2 protein chains.
Amino acid sequence: MESSLTISIQDYLKHIYELTEDGKNASTNALSERLNVKPASVTNMVQKLASVKPALVEYQKHQGVTLTKEGRKAALEVIRHHRLLEAWLVQTLGYSWAEVHEEAERLEHVISEDFERRMAAAMGHPLRDPHGELIPTADLVMPLEDSTPLSALRPKQKAKVQSVKNADAELLRYLENLGLLPGVQITVLDYSSFDHNLTVKAGAKVSVLGLNITSKIFVEHPG
Amino acid sequence: MESSLTISIQDYLKHIYELTEDGKNASTNALSERLNVKPASVTNMVQKLASVKPALVEYQKHQGVTLTKEGRKAALEVIRHHRLLEAWLVQTLGYSWAEVHEEAERLEHVISEDFERRMAAAMGHPLRDPHGELIPTADLVMPLEDSTPLSALRPKQKAKVQSVKNADAELLRYLENLGLLPGVQITVLDYSSFDHNLTVKAGAKVSVLGLNITSKIFVEHPG
DNA sequence: CGATAAATTTAGTATAATCTAAAATAGATT
DNA sequence: AATCTATTTTAGATTATACTAAATTTATCG
């Protein structure tokens, strides 16, 4: 009786994964905000995830949560589904880079392992999704990130956009219009140490980043 | 606050649609069996679907249910999703005719209208799914069926297999092996009026139908 | 026609995930 | 150290869907 995880639990695990990528624990409140659920509900669910066997999270009152090995596997499974789906929807149904997230968000919980394998094979086992995010491997390991945030670049440096992380649909559309998407070659023109913003030349087009988003854009091997 | 129907309700409506295609009402027990839910649970849900506003089903104690206009639209929406998905998964991910049903069963509830439109457009707005079943139109009308059950054929008649209805994965695999799938030309060799079984020649291969499945196979314009 | 079987409904219970309101705790500020 | 504030937890209620067991209605058949 292989009782599979509910959508709700998969979502908790996915967001805990993302919130703990920096090594810190995920707080009740941060989870509450991301999941659009009240903090009290998070406490409840997290207590359940910690007491289930095998435990999916490590949890101590007021100290937030981290994933156990099992929890991490389950999270990476969902993230793999999500990123493969994004890649595949863009390739086969002409979704734009910006639109695809929401659709994948719902599908990621219901596709079979067979579906996952077929997509991966059909695309030649891609390493990154359309936003440039790394796709966990079939055996559920997250590959090492080898790119650098755009904010680390200095004037005159050249680089290639590798990924745009944690951005909402509006920002993605904006960047798409600027031509600032994965694969594009850029050159740093100006730098303000005050707000850590850069002005860059993306491809042929000059683009001004008036927004503080340089920590969301990652580039390949900074020159 | 556009509160969309839950998966559970969509499933009830879909199965009520299928059970009432013959004009009869869907009984509590029949629904219970198809949905793998106890009869008492069906009564509960069906009472709810009848009392919700606008009502999704018409219901009277001991008389079973039929769909209202709204209920039918909702059912056809799910069925359209299902059949487009089947067609699309077969075409783009190489699923076999027999395997695809289960996957579509889960996806049908979570894809967006946008996804539906994109699939339909990508395939040139197909009229039938891989099993030959008619696909409801974008405005949620079920096209008229113009095929005949195989059981209506008599010896020597020739026909083309149009669809195979309500068959489980095992039977579909069996038929696939025989080569008895949509599009194949067949000839009736023998007929037993006792059990309504036919022996037919499918394409080049001689096939014996020892099972009582001639009412599940439909053919185009019987000669 | 009335007995019995089958199908259906009622009534009460269970579980999962959420909510609100109130209580408790931790961390920061004097 | 005392207090304030923000975060987190507890407790209890709610919603949706299912379950079991018992009661009831309908159907069947001798």
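What comes next concerns the included structure. (Residues numbered from 1 in each chain as written. Chains lettered and ligands numbered in written order. Predicted model: local features only at pLDDT ≥ 70, side-chain atom pairs only at ≥ 80, totals over all residues. Heavy atoms only, no water.)

Overview of the overall build of chain A
For clarity, the cut-off: The helix count covers DSSP runs of H or I at least four residues long, the strand count covers runs of E at least two residues long, and both are numbered beginning at the N terminus. The rule is simple: take the accessible area with a 1.4 Å probe, protein chains only, and divide by the maximum for that residue type; under 20% is buried, over 50% is exposed, in between is partly exposed. For this analysis, residues touch if any pair of their heavy atoms sits within 4.5 Å. Only the protein chains shown count as cover for residues, and all accessible areas are computed by the Shrake-Rupley method using a 1.4 Å probe.
For chain A, the helix and strand inventory stands at seven helices and eight strands. Split into buried and exposed, the 223 residues of chain A put 46% on the buried side. Contacts in chain A between residues at least 24 apart in sequence constitute 60% of all its contacts with a sequence separation of at least 6. With the model as given, the accessible surface of chain A reaches about 11600 Å², and the carbon-plus-sulfur share is 53%.

Brief notes about the protein's contact with DNA strand D
Applicable threshold: Proximity criterion: a residue is near a molecule or strand once any of its heavy atoms comes within 4 Å of it. Identification of polar contacts relies on pairs of N or O atoms within 3.5 Å, with a donor-acceptor requirement for protein atoms, meaning one able to donate a hydrogen and the other able to accept it, and with residues adjacent in sequence counted only if both atoms are side-chain atoms. In the scheme used here, Gly and all other residues not listed as nonpolar or charged are polar, with Ala, Val, Leu, Ile, Met, Phe, Trp, Tyr, Cys and Pro taken as nonpolar and Asp, Glu, Lys and Arg as charged.
In the vicinity of DNA strand D there are 21 residues, among which Asn29(A), Gln47(A), Tyr59(A), Thr6(B) and Lys48(B) approach most closely. Those atoms of DNA strand D that come within 4 Å of the protein belong to sugar or phosphate at a rate of 83%. Contact between DNA strand D and His62(A): a phosphate oxygen at 2.8 Å from a main-chain N or O atom of the residue. Within the contact set of DNA strand D, a phosphate oxygen lies 3.2 Å away from a side-chain nitrogen or oxygen of Tyr12(B). Elements represented by at least two residues in the surface near DNA strand D include exactly α2 (28–35) and α3 (39–51) of chain A together with α1 (7–19) and α3 (39–51) of chain B. Looking at the surface near DNA strand D, the element that brings in the most residues is α3(B), giving five residues. Considered class by class, the residues forming the surface near DNA strand D number seven nonpolar, 11 polar and three charged.

As for the packing of aromatic side chains
So the rule is basically this: Centres within 6.5 Å make a pair out of two Phe, Tyr or Trp rings, where for Trp the six-membered ring is used; the pair is then stacked when the planes are under 30 degrees apart, edge-to-face when over 60, and tilted otherwise.
What the rule picks out here adds up to five aromatic pairs over all chains. An angle of 50° between the planes, with centres 4.7 Å apart, marks the rings of Trp88(A) and Trp88(B) as tilted. Here the residue Trp88(A) occupies a position in helix α4 (residues 69–93), and Trp88(B) occupies one in helix α4 (residues 69–93), the pair thus bridging two chains. For Trp88(A), a relative accessible area of 2% puts it in the buried group. Measuring from ring centre to ring centre gives 6.5 Å for Phe115(A) and Tyr95(B), while their planes differ by 55°; the resulting arrangement is tilted. Highlighted residues: Phe115(A) in helix α6 (residues 113–122) and Tyr95(B) in the loop between α4 and α5 (100–107), drawn from two different chains. Through a chain of ring-to-ring contacts, three or more aromatic side chains come together here, namely Trp88(A), Tyr95(A), Phe115(A), Trp88(B), Tyr95(B) and Phe115(B).

Thoughts on the relation of the copies chain B and chain A
Just so we agree on the cut-off: To superpose the copies, least squares is applied to the C-alpha atoms of every residue with a pLDDT of at least 70 in both.
Mapping chain B onto chain A calls for a screw motion: a turn of 180° about the axis and a shift of 0.0 Å along it, with 0.1 Å RMSD after fitting. The superposition of one copy onto the other is thereby described by a two-fold rotation axis. Closest approach to the rotation axis within chain B is made by the C-alpha atom of Leu107(B), at a distance of 3.5 Å. Comparing contact sets, 100% of the residues at the interface of chain B also lie at the interface in chain A, consistent with an isologous, same-surface contact.

Considering the nonpolar core
Within soluble globular proteins, side chains that are nonpolar generally end up buried alongside one another. Note the cut-off: The definition of a nonpolar core used throughout is a set of buried Ala, Val, Leu, Ile, Met, Phe, Trp, Tyr and Cys residues joined through side-chain atoms within 4.5 Å.
Ranked by size, the top nonpolar core spans 34 residues in total, and within it Phe115(A), Met119(A), Phe115(B) and Met119(B) carry the most contacts. Those residues in contact with Phe115(B) that sit more than four places away from it in its chain are Leu89(A), Leu93(A), Tyr95(A), Glu103(A), Leu107(A), Leu85(B) and Trp88(B). Tyr12(A), Ile16(A), Ala26(A) and Leu76(A) belong to the second largest nonpolar core, which has 24 residues in total.

Let's talk about empty space enclosed by the protein
Our working definition: With a 1 Å grid laid over protein atoms only, a set of points is called a cavity when a 1.4 Å probe fits there but cannot get out and a pocket when it is open yet has protein on both sides within 12 Å along at least five of seven lines; lining residues have an atom within 4 Å of a point. Grid points are joined across faces, edges and corners, and a volume is the space filled by probe spheres set on the points.
Here the structure, examined in full by the defined rule, presents one cavity of 30 Å³ or more. If you add up the space inside the largest cavity, you get close to 50 Å³. Residue lining of the largest cavity: Leu85(A), Trp88(A), Leu107(A), Phe115(A), Leu85(B), Trp88(B), Leu89(B), Leu107(B), Ile111(B) and Phe115(B), and that is the complete set. At three residues, the largest contribution of residues to the lining of the largest cavity is made by α4(B). Partitioning the lining of the largest cavity into residue classes produces 10 nonpolar, no polar and no charged.

Let's talk about the pairing of strand β8 (residues 217–220) of chain A
Residues and elements named next belong to chain A. Short version of the rule: Strand pairing is assigned whenever DSSP identifies at least 2 bridges connecting the two strands.
As paired strands, strand β3 (residues 147–149) and β8 are joined by three bridges and run antiparallel to one another. Within β8, the residue paired with Thr 148 across the bridge is Val 219. Relative to β8, strand β4 (residues 158–164) is paired through four bridges, and the arrangement is antiparallel. Bridge pairing links Val 161 to Val 219 in β8.

A short note on the interface of chain B and chain A
What counts, and what does not: Two parts placed together each lose some accessible area under a 1.4 Å probe, and the buried area is that loss summed for both. One speaks of a salt bridge when a side-chain nitrogen belonging to Lys or Arg is within 4 Å of a carboxyl oxygen belonging to Asp or Glu.
Between chain B and chain A, the residue contacts involve 18 residues of the former and 18 residues of the latter. Across the chain B to chain A interface the summed buried area is about 1600 Å²; carbon plus sulfur atoms make up 61%. Sorting the residues of chain B by area buried against chain A places Leu93(B), Val110(B) and Arg118(B) first, and these three jointly supply 38% of that buried surface. There are two salt bridges connecting chain B and chain A. With its nearest N and O atoms 3.0 Å apart, the salt bridge here joins Arg118(B) to Glu99(A). Inspection of the chain B/chain A interface yields 10 residue pairs in polar contact (both at pLDDT 80 or more).

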